[in-house]
Amino acid sequence: QVQLVESGGGLVQAGGSLRLSCAASGRTFSLYAMCWFRQAPGKEREFVAHIRWSGGSTIYADSVKGRFTISRDNAKNTVYLQMNSLKPEDTAVYYCAAFSSSDNTYWGQGTQVTVSS
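Residues numbered from 1 in each chain as written. Predicted model: local features only at pLDDT ≥ 70, side-chain atom pairs only at ≥ 80, totals over all residues. Heavy atoms only, no water.

1. Brief notes about the state of the cysteines
Using the criterion set out here, one finds one disulfide in the structure. Shown here is the disulfide that connects Cys22 with Cys96, its sulfur atoms set 2.1 Å apart. Taking the sign of the S-S torsion, about -80° here, the bridge from Cys22 to Cys96 comes out left-handed. Remark: Cys96 occurs in strand β9 (residues 92–100) and Cys22 occurs in strand β3 (residues 18–26); sequence separation between them is 74 residues. (Disulfide = S-S within 2.5 Å. Helix = DSSP H or I, 4+ residues; strand = E, 2+ residues; numbered from the N terminus.)

Below you can see the structure in the form of C-alpha cells.
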C-alpha cells in the first residue's frame, strides 16, 4: 500500500502562485510515476501533470503548460506542483495520484485551490 498526503492549497489572487506538495509513504519503491489531477465544481476530474520517478520526464495538460511545473524529490518521496500565473479557472480540488509497477493507482485526499479574480 501507498499513502499520499497533499498540502499547499489555499486562496490566492489571480496572477499569484502556489506550490502543492504530495508526500508518499509505504511501498514507495513500487512507484514509477506520479500525477496531479484536478476537479472543479460540476466538472469531471482532469489531468494536470505527470512525472516519472526515474529520469524525471514530464507531461503537462495544454491548459497549464508554461505556467505549472511538476518536480520530484526522490529522497523525500515527494512530488511538487509549482503553479504560477494562476487564473480563476484553475480553481479546483487538486489530487495527487501515484502509479505502481503492479498496476495499482493510489490517490490522495485532495487539496483545495481557489483563485480569486
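2. Here's the deal with the side chain of Arg38
Inspection of the secondary structure puts Arg38 in strand β4 (residues 31–39). A relative accessible area of 5% places Arg38 in the buried class. Looking at Arg38, its side chain comes within polar contact range of the side chain of Glu46, at 2.6 Å. Within the structure, Arg38 has its side chain in polar contact with the side chain of Tyr94 (distance 2.9 Å). Leave out the neighbours within four places in its chain, and Arg38 touches Glu44, Arg45, Glu46, Val48, Ser63, Val64, Phe68, Glu89, Asp90, Ala92, Val93 and Tyr94. (Buried < 20%, exposed > 50% of the residue type's maximum accessible area, 1.4 Å probe, protein only. Polar contact = N/O pair within 3.5 Å; in protein donor to acceptor, adjacent residues only side chain to side chain. Contact = heavy atoms within 4.5 Å.)

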